Amino acid sequence: MKTLVTVGRGGTGKSSFSALMAKAFIEAKQAPILLVDADPDQNLAEMLGVDLKEAGKSTIADLIVSTFIEGGGTTVGVAPAQRIEARIWEKGLYESASFDFMAVGNKWIEGCYCMPNTALKNALESLTKNYKYVIVDSPAGLENLNRRITSKVDDVFDILDHSKKSQDHVKRAYRIAKEVDMKFQNFYIIGGYRFPPELGQEAETNLGFKYLGKIEADDELDQAVLDGESLLDLPNDNKAYLSVKKILETLDYL
Ligand SMILES: Nc1ncnc2c1ncn2[C@@H]1O[C@H](COP(=O)(O)OP(=O)(O)O)[C@@H](O)[C@H]1O
Ligand SMILES: [Mg+2]
């Protein structure tokens, strides 16, 4: 099992990149894969054509609240991690023919709920063992990821745009990952669709992380996002998709 985490500032194209990676793995028959939307904005679901509500599923946050905070009571003999894992299998996991999906959601984001956080982490550790790739679309804060979801990551992809802030994000994300003692194998930078490609080498030198290439700007993808269509249905010769495939080929994942 490999855990791949996408980070970056808002609007750099993290969620699109996560969806396109999934498309590439699905087409290469690299199953089974799990996508985790850890961004409270929750736009990954739509990019995958998933409607959680319609499927009768809940976000992990809602399940945590109903299991530990509202429910409150203890179920004798059942450890918290097992309780939440069972709830996730039943109510949190969206299963389709080609991928599984869950959304972390945005309740219980504030405050310290140490017990549910630990329980969730243990539950996810057990649950994710079933997958070949786990793709996590993460908001800027790696500390939340570490606290609630996983401390063990194979690759972190930091998506850059044209702003200087975006390069600052790389340094901060890396520092935070180290500070919170997240164990990751690789930290990579990727040029997002607005990133000037000629700055790739410079970014690699300045930041000290391997630059994997750029995600092509693509009107067809942008229109699909605008129309709320699944990016999995983009044609296989879509420009942005081909550039993501190339990045995964560089890493020998395809
Ligand atoms: N490769 C691309 N080409 C053109 N537009 C893109 C591309 N990737 C993302 N976008 C657009 O940028 C916006 C933000 O994309 P998104 O993937 O949601 O970013 P993030 O998750 O980092 O906030 C969306 O409107 C999307 O359509
Ligand atoms: Mg996003």
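Above this text you will find the structure in question.
We now turn to the structure provided with this report. (Residues numbered from 1 in each chain as written. Chains lettered and ligands numbered in written order. Predicted model: local features only at pLDDT ≥ 70, side-chain atom pairs only at ≥ 80, totals over all residues.)

### Some remarks on the overall build of the chain
Line of reasoning, step 1. Broken down by element type, the chain carries 10 helices and 8 strands.
Line of reasoning, step 2. For 254 residues, the compact-globule estimate of 2.2 N^0.38 gives 18 Å, and the chain sits close to it at 18 Å.
Line of reasoning, step 3. A principal-axis box enclosing the C-alpha atoms of the chain has dimensions of 60 × 40 × 30 Å.
Line of reasoning, step 4. Looking at the 254 residues of the chain, the share that counts as buried comes to 44%. (Helix = DSSP H or I, 4+ residues; strand = E, 2+ residues; numbered from the N terminus. Rg over C-alpha atoms; globule rule 2.2 N^0.38 Å. Buried ≥ 20, exposed ≤ 12 C-beta atoms within 10 Å, placed from the backbone.)

### With respect to the site of ligand 1
Line of reasoning, step 1. Of all residues adjacent to ligand 1, which total 18 residues, the nearest are Lys14, Ser15, Ser16, Tyr193 and Val225.
Line of reasoning, step 2. Of all the elements in the fold, those that place two or more residues in the shell around ligand 1 are α1 (14-27) and α9 (219-226).
Line of reasoning, step 3. Of the residues that constitute the shell around ligand 1, the class distribution is 6 nonpolar, 8 polar and 4 charged. (Near = placed C-beta within 6 Å. Nonpolar A, V, L, I, M, F, W, Y, C, P; charged D, E, K, R; others polar.)

### Side note on unusual backbone geometry
Line of reasoning, step 1. A cis amide bond links alanine 31 with the next residue in sequence, proline 32, at an omega value of -10°.
Line of reasoning, step 2. Relative to the helices and strands, proline 32 resides in the loop between α1 and β2 (33-37).
Line of reasoning, step 3. One non-glycine residue, aspartate 181, adopts positive backbone phi at about 65°.
Line of reasoning, step 4. You can see aspartate 181 is positioned in the loop between α7 (164-179) and β7 (183-191).
Line of reasoning, step 5. One non-glycine residue, aspartate 252, lies in the positive phi region at around 65°.
Line of reasoning, step 6. Relative to the helices and strands, aspartate 252 is located in the segment after α10 (239-250).
Line of reasoning, step 7. For aspartate 252, a count of 6 C-beta atoms within 10 Å puts it in the exposed group.

### Some thoughts on the environment of asparagine 122
Line of reasoning, step 1. Relative to the helices and strands, asparagine 122 is located in helix α5 (residues 114-128).
Line of reasoning, step 2. With 16 C-beta atoms packed within 10 Å, asparagine 122 lands in the partly exposed category.
Line of reasoning, step 3. In the structure, asparagine 122 is positioned 121 residues away from serine 243 in sequence and 35 Å away in space, judged by C-alpha atoms.

### Examining the packing of α5 against helix α6 (residues 142-149)
Line of reasoning, step 1. At their nearest, the axes of α5 and α6 sit 7 Å apart, and the two run at 75° to each other. Classified by the interaxial angle, the pair formed by α5 and α6 is roughly perpendicular. Across the interface between the two elements, Asn117, Leu120, Lys121 and Leu124 from α5 touch Arg147, Arg148 and Ile149 from α6.
Line of reasoning, step 2. Looking at side-chain class alone, the contact of α5 with α6 contains 3 nonpolar, 1 polar and 3 charged residues. (Axes fitted to C-alpha atoms, helices over the stretch in contact; angles between N-to-C directions. Parallel < 35°, antiparallel > 145°, perpendicular 65-115°, else oblique. Contact = placed C-beta atoms within 7 Å.)

### Considerations on the sheet that holds strand β4 (residues 100-103)
Line of reasoning, step 1. Reading across from one edge, β3-β4-β2-β5-β1-β6-β7-β8 is the order of the 8 strands in this open sheet, with mixed pairing throughout. The open sheet terminates on both sides in strands that have one partner only, identified here as β3 (94-95) and β8 (210-214).
Line of reasoning, step 2. Where β7 meets β8, 3 bridges bridge the pair, whose relative direction is parallel. What sits directly across from tyrosine 188, in β8, is lysine 210.
Line of reasoning, step 3. The strands touched by α1 are β1 (2-8), β2, β5 (133-137) and β6 (152-160); relative to β5, the strand with the most contacts, the crossing angle is about 165°.
Line of reasoning, step 4. Sheet strands touched by helix α8 (residues 200-207): β6, β7 and β8. Its angle to β8, the strand with the most contacts, is close to 155°. (Pairing = 2+ DSSP bridges.)

### Examining the pairing of β5
Line of reasoning, step 1. With 5 of its 5 residues buried, β5 lies for the most part within the structure.
Line of reasoning, step 2. The alternating pattern of β5 places Tyr133, Ile135 and Asp137 and Val134 and Val136 on opposite faces, both of which are buried.
Line of reasoning, step 3. Of the pairings in the sheet, the one linking β1 to β5 comprises 5 bridges and is parallel in character. Within β5, the position partnered with valine 5 by the bridge is valine 136.
Line of reasoning, step 4. In terms of strand pairing, β2 meets β5 through 5 bridges, oriented parallel. Considered in β5, the bridge of valine 36 is made with valine 136.

### Re the nonpolar core
Line of reasoning, step 1. Counting 71 residues, the largest nonpolar core has Ala22, Leu35 and Leu48 as its most contacted members.
Line of reasoning, step 2. Looking at this core, the element that brings in the most residues is α1, giving 7 residues.
Line of reasoning, step 3. Among residues more than four places away in sequence, those in contact with alanine 22 are Ile33, Leu35, Leu48, Phe99, Ile135 and Leu232. (Core = buried A, V, L, I, M, F, W, Y, C linked by C-beta atoms within 7 Å.)

### Regarding the pairing of β7
Line of reasoning, step 1. In this sheet, β7 lies alongside β6 in parallel orientation, the contact comprising 8 bridges. Bridge pairing in β7 links valine 153 to phenylalanine 184.
Line of reasoning, step 2. Each parallel crossover has a hand, and the one from β6 via α7 to β7 is right-handed. (Right-handed = clockwise from strand over helix to strand, strands pointing away.)

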